[in-house]
Amino acid sequence: MVRISKKKWSIVTKQCTEAFTWAVEVLGSDQYGTWLGSTRGNPVLQPDGRVELQQHDLVWLIAKDAWFLPAFWFTADTDLTIDVCTPPAFADGTWSFVDMELDLYRRSDGHTGIVDQDEWEILVSSGLVSDDVVRSVEGTATALLTLVERKIEPFGQVAQTWLSSLDPARGPQ
């Protein structure tokens, strides 16, 4: 088991600190990167210290040097969400990244979008991220939207295989 640590910038304190953390299993690797997963009921530490239980089985893809972290669950409502973030880095048993607020999604009906632009704009206007980071984040979000809309791998069905490996008897959630 390893952990995922999602960090966020605070506009008030000007600090980047851990916001969420949870344990995951390393499922394996393929041409897209390293796949991590955890099952429904997995505890997720929240920013206020509370623990919430994960609602669905999920897999995440760590793609080398990528400015994103997708989470796949393929429920009746949602196929995936993607945090646009700093490239996840592994140290001391933890995959860490800084969430840059922009998120992409694809619903099960195929509708896609980018959300939290307002939060991104506040972060940019705070001066806490450099112009290079702004270009990387915005370029990543734009490029990802096309891939997610067209279901181009790894944003198609490849994640289903990894999700199924969490529970071979798993059916649609």
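Counting from 1, residues in each chain are numbered in the order their sequence is written. Per-residue local features are limited, in this predicted model, to residues with pLDDT of at least 70; the limit for side-chain atom pairs, both in listing and counting, is 80 or more; totals at the level of whole chains, interfaces and linings are taken over all residues. Excluded from the side-chain calculations are hydrogens and water; all other atoms, namely the structure's heavy atoms, are used.

A.B. asks: If you had to explain the overall build of the protein to someone new, which residues and values would you point to?
C.D. replies: Helix and strand counts for the protein come out as 3 helices and 11 strands. By sequence separation, contacts in the protein at least 24 residues apart represent 46% of the contacts at least 6 residues apart. The numbering of helices and of strands both runs from the N terminus, where a helix is a DSSP run of H or I of at least 4 residues and a strand a run of E of at least 2. Here, residues are in contact when the closest pair of their heavy atoms is within 4.5 Å.

A.B. asks: Which residues make up the packing of aromatic side chains, and what are the values?
C.D. replies: For Phe, Tyr and Trp, where Trp contributes only its six-membered ring, two rings pair if their centres lie within 6.5 Å, and the inter-plane angle classes them as stacked under 30 degrees, edge-to-face over 60, or tilted in between. One pass over the full model with this rule turns up 7 aromatic pairs. Ring centres of Phe-90 and Trp-95 lie 5.1 Å apart, and the angle between their planes is 50°; on these two criteria the pair is classed as tilted. In textbook terms, an aromatic cluster arises when at least three aromatic residues are bridged by ring pairs, as seen for Trp-35, Phe-68, Phe-72, Phe-74, Phe-155 and Trp-162.

A.B. asks: Which residues make up the pairing of strand β2 (residues 16–30), and what are the values?
C.D. replies: Any two strands with at least two DSSP bridges between them are considered paired. Note: strand β1 (residues 2–9) against β2, 8 bridges, orientation antiparallel. What sits directly across from Ile-4, in β2, is Trp-22. Hairpin connection between β1 and β2: a loop of 6 residues separates the two successive antiparallel strands, and Lys-14 in this loop has a positive phi of roughly 65°. Alignment of β2 against strand β4 (residues 43–45), held across 2 bridges, turns out to be antiparallel.

A.B. asks: Any details on the pattern of salt bridges? Residues and values, ideally.
C.D. replies: Salt bridge, as used here: a side-chain nitrogen of Lys or Arg that lies within 4 Å of a carboxyl oxygen of Asp or Glu. In total, this model carries 10 salt bridges according to the counting rule given. Note that Glu-101 is salt-bridged to Lys-8, the shortest N-O span being 3.0 Å. Taken together, the residues span a long stretch of sequence, with Glu-101 in strand β10 (residues 94–107) and Lys-8 in strand β1 at a distance of 93 residues. By relative accessible area, which is 9% here, Glu-101 ends up buried. Using a relative accessible area of 22% as the deciding quantity, one classes Lys-8 as partly exposed. Among the salt bridges present, the one from Asp-65 reaches Lys-64, with a minimum N-O distance of 3.7 Å. One network of salt bridges, in which partners are shared, links Lys-6, Lys-8, Asp-83, Asp-99 and Glu-101. For every residue, the accessible area obtained with a 1.4 Å probe (protein chains only) is divided by the maximum for its type, and the residue is called buried under 20%, exposed over 50%, and partly exposed between those limits.

A.B. asks: Describe the pairing of strand β6 (residues 58–62), listing the residues and the values that go with them.
C.D. replies: Burial within β6 is extensive, with 5 of its 5 residues counted as buried. Neither face of β6 is exposed, since Leu-58, Trp-60 and Ile-62 on one face and Val-59 and Leu-61 on the opposite face are all buried. Of the strand pairs in this sheet, β6 and strand β7 (residues 68–72) are connected by 2 bridges, and their pairing is antiparallel. Along β7, the bridge assignment pairs Trp-60 with Ala-71. Hairpin connection between β6 and β7: a loop of 5 residues separates the two successive antiparallel strands, and Asp-65 in this loop has a positive phi of roughly 60°.

A.B. asks: Explain the nonpolar core to me, using residue names and the numbers behind them.
C.D. replies: Joining through side-chain atoms within 4.5 Å is the link that ties buried Ala, Val, Leu, Ile, Met, Phe, Trp, Tyr and Cys residues into a set, and such a set is a nonpolar core. Of all hydrophobic cores here, the largest spans 32 residues; its most connected members are Trp-35, Val-59, Phe-72, Ile-82, Met-100, Trp-120 and Phe-155. Going through the elements one at a time, β6, β7, β8 (78–85), β10, α1 (117–125), α2 (131–149) and α3 (158–166) are the ones with two or more residues in this core. By residue number, the principal contributor to this core is α2, which donates 6 residues. Apart from residues no more than four positions distant in its own chain, Phe-155 is found in contact with Phe-68, Pro-70, Phe-72, Leu-80, Ile-82, Arg-106, Leu-144, Leu-147 and Val-148. Membership of the second largest hydrophobic core comes to 15 residues, among which are Leu-58, Trp-60, Leu-69 and Trp-73.

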